[in-house]
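Next come the chains, spelled out residue by residue.
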Amino acid sequence: MSADFPLEEPSRRVSALTDPRGEHAWDRTFRLWDGYFAVVWLATLVFVLGTAQPAWPVRLAAGGLLVLLVPWYVGFGRPVLLTEGVNEGRAVTYIAGAVAVYLMPGVLVGETRLMAFALVPQCFMALRYRRAMIAVTVVNLAPVVGWALLWDISGQDVFFNSVFAVVTLVFSTAFGSWTIRIMEQSQERADLIAELDASREEIARLSADRGALAERERMSREIHDTLAQGFTSVLMLVQAVETELATDVPQARRHLRLMADTARQNLAEARALVAGGAPADLNGASLPDALHRLAARHGANVQISGTARPLAPGLEVVVLRGCQEALSNVRKHAAPDTAVQVRLAYTGADLTLVVRDTGPGFAPDAPGDGFGLRGLRARAAEVGGTAVVDSAPGAGTTVTVRLPVPERTLP
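All figures in this text were calculated on a predicted structure; none of them were measured in a lab.

**Structural notes on helix α3 (residues 30–50)**
Under the 1.5 Å per step criterion, the end-to-end length of α3 is 30 Å for 21 residues, consistent within 8% with the ideal 30 Å. Turning to α3, its buried residues number three or more, namely Phe30, Asp34, Phe37, Val40, Trp41, Thr44, Leu45 and Val48. Mapping the buried residues of α3 onto a view down its axis gives an arc of 140°, with all of them on the same face. Seen from the open side of α3, the exposed residues pointing more than 90 degrees away from its buried face are Arg31, Leu32, Val39, Val46 and Gly50.

**Some details on the packing of aromatic side chains**
Inspection of the entire model under this criterion finds five aromatic pairs. Seen in terms of ring centroids, tryptophan 72 and phenylalanine 76 are 4.9 Å apart; in terms of plane orientation they differ by 15°. Their pairing is stacked. Here the residue tryptophan 72 and the residue phenylalanine 76 both occupy positions in helix α5 (residues 69–82), the gap between them amounting to four residues, near one helical turn. Its relative accessible area of 27% is what places tryptophan 72 among the partly exposed residues. When the centroid spacing of 6.1 Å and the interplanar angle of 20° are considered together, the rings of tryptophan 72 and tyrosine 94 count as stacked.

**Describing the nonpolar core**
Phe37, Leu69, Ile95, Met115, Phe124, Ala126 and Leu127 are the most contacted members of the largest nonpolar core, which totals 39 residues. If you list the elements that add at least two residues to this core, you get α3, α4 (56–67), α5, α6 (88–108), α7 (116–126), α8 (129–150) and α9 (155–244). No other element matches α7, which puts eight residues into this core. Apart from the residues within four sequence positions on either side, phenylalanine 124 is in contact with Tyr129, Ala132, Met133, Val136, Ser172, Gly176, Ile180 and Met183. Leu291, Leu294, Leu320 and Tyr346 belong to the second-largest nonpolar core, a separate cluster that totals 36 residues.

**Section: the environment of valine 120**
Mapping valine 120 onto the fold places it in helix α7. The buried category is assigned to valine 120, whose relative accessible area is 5%. It is 9.9 Å that separates the C-alpha atoms of valine 120 and valine 99, two residues lying 21 residues apart in sequence. With sequence-adjacent residues up to four places away left out, valine 120 is seen in contact with Val136, Val139, Asn140 and Ser172.

**Details of the pairing of strand β5 (residues 397–404)**
Of all the eight residues making up β5, six are buried; the element is thus mostly covered by neighbouring parts of the structure. Sheet topology places strand β3 (residues 350–357) next to β5; eight bridges connect them, and they run antiparallel. Following the sheet pairing, leucine 353 is matched in β5 by valine 401. Pairing of strand β4 (residues 386–391) with β5, which is carried by six bridges, proceeds in the antiparallel orientation. Looking at the pairing, valine 389 lines up with valine 399 of β5. Where β4 folds back onto β5 in an antiparallel hairpin, the turn is made up of five residues, including glycine 394, whose phi is positive at roughly 80°.

Rules behind the numbers
Residues numbered from 1 in each chain as written. Predicted model: local features only at pLDDT ≥ 70, side-chain atom pairs only at ≥ 80, totals over all residues. Heavy atoms only, no water. Helix = DSSP H or I, 4+ residues; strand = E, 2+ residues; numbered from the N terminus. Expected span 1.5 Å × (residues − 1). Buried < 20%, exposed > 50% of the residue type's maximum accessible area, 1.4 Å probe, protein only. Arc of directions from axis to C-beta. Phe/Tyr/Trp six-rings, centres within 6.5 Å; stacked < 30°, edge-to-face > 60°. Core = buried A, V, L, I, M, F, W, Y, C linked by side-chain atoms within 4.5 Å. Contact = heavy atoms within 4.5 Å. Pairing = 2+ DSSP bridges.

Put into structure tokens, the structure is as follows:
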């Protein structure tokens, strides 16, 4: 194949054929080529048998040779053309055989050259460009040369037939170049479509993986902020009850009631988690009411400033989960008599939650924040807010969650 008209590698051409969206137009409607070949062949046979010269035995012999092209095309050539010459050896064999059969009647009877209109396209369909041009040149010029040498032809007839052959060769070259460019564009489109399909599949797979990962992270945060904290509270209450049964039965009973309340709360949270609904504390209640109930279970005080108003459910969930995480950390790491203050502030463009305790605190540069604090920061970031933890050894801890309130939720 010349550098001017590069054809694709066989493997790429096969892919275009096996992919329904990569088929060339002639692959889907190859019967049109069959019909074209039949019409040209029949017209050539009629012209050969119907011409006045040469004698009828010669014309009959030429017609008989033309008949051989039909089984050669149907039995051998058509499968080669359907695969666009992927098998180069079979393609060369078919074209060489077809040209050989064509040249014999072409030399005997000049009208046979009409068959060139069926053979030339096949050369470009089956062969690479250079070999196709060699075959096309032979198809157009060799019959004229042989015809002029075999018969006693006048110079004028030789001249006109030679001019016609040259014009046909030029037309064939132009047609072949156009055909190859169409084939290249068709293959490029097929490759682009295949790449696009592959890219879409990869994007869909990555999107599904990312969605699954995001859902796992969300479920992990929900379980940590609800069920895990509830079970932790139950375990701590069990430990307290084991100690109090022998020394303080009323306090043990109070802790048992608290265990039952915590278990019921965990059950409600589990149901809400499975149903994908709002947290149990927010179900049918306002955010301040939910914070009051949550704080009461942890013995904390709540202060609400500003005008409370309904907000986007996502914002209220972040505030509630932030308060749960802060109170849970107080229960796990601070003494039972640690004072906890919860403050929720409604302002014009922000919603701020502050949970402050008088516990032992911790060093701010201590390695590892724990899953809960990381989840709290991730929740706040998802709605465009921030979560900050301020603490120092012996100075207590303050958790501040500040969330922007969209204008559509403003009064």
